[in-house]
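# Working through the structure, step by step
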Amino acid sequence: MSRDVVTVIKSVNFSEADKILTVFGKYNGKFAIIAKGIRKIKSKNRGNMQTLSTSDISYYEGKGLPILTESQLIHMPEFTPRMNTDNIERILYILNKFLVEGDSNQRVFRLLQSVMTSDIDTERVNKFRVQLLKELGFLQEFDKCESCGGEDKLEFFDSNIFGLICKSCYTKSSKGVKLSSNIYRDSVFTESLDKYIKKIVDEI
Ligand SMILES: [Zn+2]
């Protein structure tokens, strides 16, 4: 019997009673697992294995997909009506597209847990996405002007190159848009991050 602490990142109905879940395991990275009987009302695992909930699980590895045997819920996010469902989709999208099957990454796992135990607002979700991209080598630090390399007055953002632009380069080229003081809350930044992520997905 194997064990892991996992967050469910995808859930697909498989037969009348079963589901195939994609989980992100703290120790075993992303993997698919079959949850037999989970669609039945009486299933003990049913409430523990909802999308984005985190549980301590036991599973059996035989031929084919591993089979979920037991689960104990650690945390389930509270989906309030105030919550922006786009943010949930953003998290699921990046996890499903970027995590590599069987590659464990405990740093990303911890980052995910801290977002899941927050109120999953745009600022946190954007920070999480940026950290994940950096962690996996798809993004450089946002600490200098993409045009001149300067570190002063990085107040503008060029969504075409997905980087910061300093005030003096902006004055010369007028490429980019002015950011608010917190870029992670900025809707321009959120949209260009969405686009940047889709672009990478198309390329990989
Ligand atoms: Zn510059």
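Residues numbered from 1 in each chain as written. Predicted model: local features only at pLDDT ≥ 70, side-chain atom pairs only at ≥ 80, totals over all residues.

## Points about the overall build of the chain
Per the secondary structure count, the chain includes five helices and eight strands. The linear arrangement of helices and strands in the chain, starting from the amino end, is β-β-β-β-β-α-α-α-β-β-α-β-α. Dimensions along the principal axes, computed over C-alpha positions, put the chain at roughly 65 × 35 × 25 Å. Within the chain, counting contacts between residues at least 6 apart in sequence, those at least 24 apart form 46% of the total. (Helix = DSSP H or I, 4+ residues; strand = E, 2+ residues; numbered from the N terminus. Contact = placed C-beta atoms within 7 Å.)

## Quick notes on the nonpolar core
In this structure, Val8, Val23, Phe24, Val115 and Ile165 are the most contacted members of the largest nonpolar core, which totals 41 residues. Discounting chain neighbours no more than four positions away, the residues touching Val115 are Ile91, Ile120, Arg124, Val125 and Phe128. (Core = buried A, V, L, I, M, F, W, Y, C linked by C-beta atoms within 7 Å. Buried ≥ 20, exposed ≤ 12 C-beta atoms within 10 Å, placed from the backbone.)

## A closer look at the environment of Lys97
Its location among the elements puts Lys97 in helix 1 (residues 85–98). Assessed through the 12 C-beta atoms surrounding it within 10 Å, Lys97 is described here as exposed. Counting along the chain gives 101 residues from Lys97 to Lys198, while the straight-line C-alpha distance between them is 9.6 Å.

## So, the packing of helix 1 against helix 3 (residues 122–135)
Axes are the key here: two packed helices are described by the angle between their axes and the distance separating the axes. For the pair helix 1 and helix 3, the least separation of the axes is 10 Å and the interaxial angle reads 10 degrees. Comparing the axis directions of helix 1 and helix 3 gives the class roughly parallel. For the pair formed by helix 1 and helix 3, the contact residues are Asn87, Arg90, Ile91, Ile94 and Phe98 on the first element and Thr122, Val125, Phe128, Arg129 and Leu132 on the second. For the contact of helix 1 with helix 3, a count of residues per class yields six nonpolar, two polar and two charged. (Axes fitted to C-alpha atoms, helices over the stretch in contact; angles between N-to-C directions. Parallel < 35°, antiparallel > 145°, perpendicular 65-115°, else oblique. Nonpolar A, V, L, I, M, F, W, Y, C, P; charged D, E, K, R; others polar.)

## Considerations on the pairing of strand 4 (residues 54–60)
Across six bridges, the pairing between strand 1 (residues 2–13) and strand 4 is antiparallel. Within strand 4, the residue paired with Ser2 across the bridge is Tyr59. Here strand 4 runs beside strand 5 (residues 67–75); their pairing, made up of seven bridges, is antiparallel. What sits directly across from Ile57, in strand 5, is Ser71. (Pairing = 2+ DSSP bridges.)

## Quick notes on unusual backbone geometry
Backbone geometry follows two general trends: most residues other than glycine have a negative phi, and most peptide bonds adopt the trans configuration. The phi dihedral of Lys153 falls on the positive side, at around 50 degrees, and the residue is not glycine. Inspection of the secondary structure assignment puts Lys153 in the loop between helix 3 and strand 6 (156–158). Residues other than glycine seldom take positive phi values, yet Phe162 does so here, at roughly 50 degrees. Secondary-structure assignment places Phe162 in the loop between strand 6 and strand 7 (163–165).

## Considering the domain arrangement of the chain
By domain assignment, the chain separates into domain 1 (2–75) and domain 2 (156–193). Put simply, the middle of domain 1 and the middle of domain 2, counted by C-alpha atoms, are 41 Å apart. (Domains from an automatic or database assignment.)

## Some words on the packing of helix 3 against helix 5 (residues 187–203)
Running from amino to carboxyl end, helix 3 crosses helix 5 at an angle of 35 degrees, the nearest separation of the two axes being 11 Å. Judged by the sense of rotation from one axis to the other, the crossing of helix 3 with helix 5 is left-handed. Each of Thr122, Asn126 and Arg129 in helix 3 lies in contact with helix 5, whose residues at this interface are Phe189, Thr190, Leu193 and Ile197. The residue inventory of the contact of helix 3 with helix 5, partitioned by class, reads three nonpolar, three polar and one charged. (Left-handed = near helix turned anticlockwise from the far one by under 90°.)

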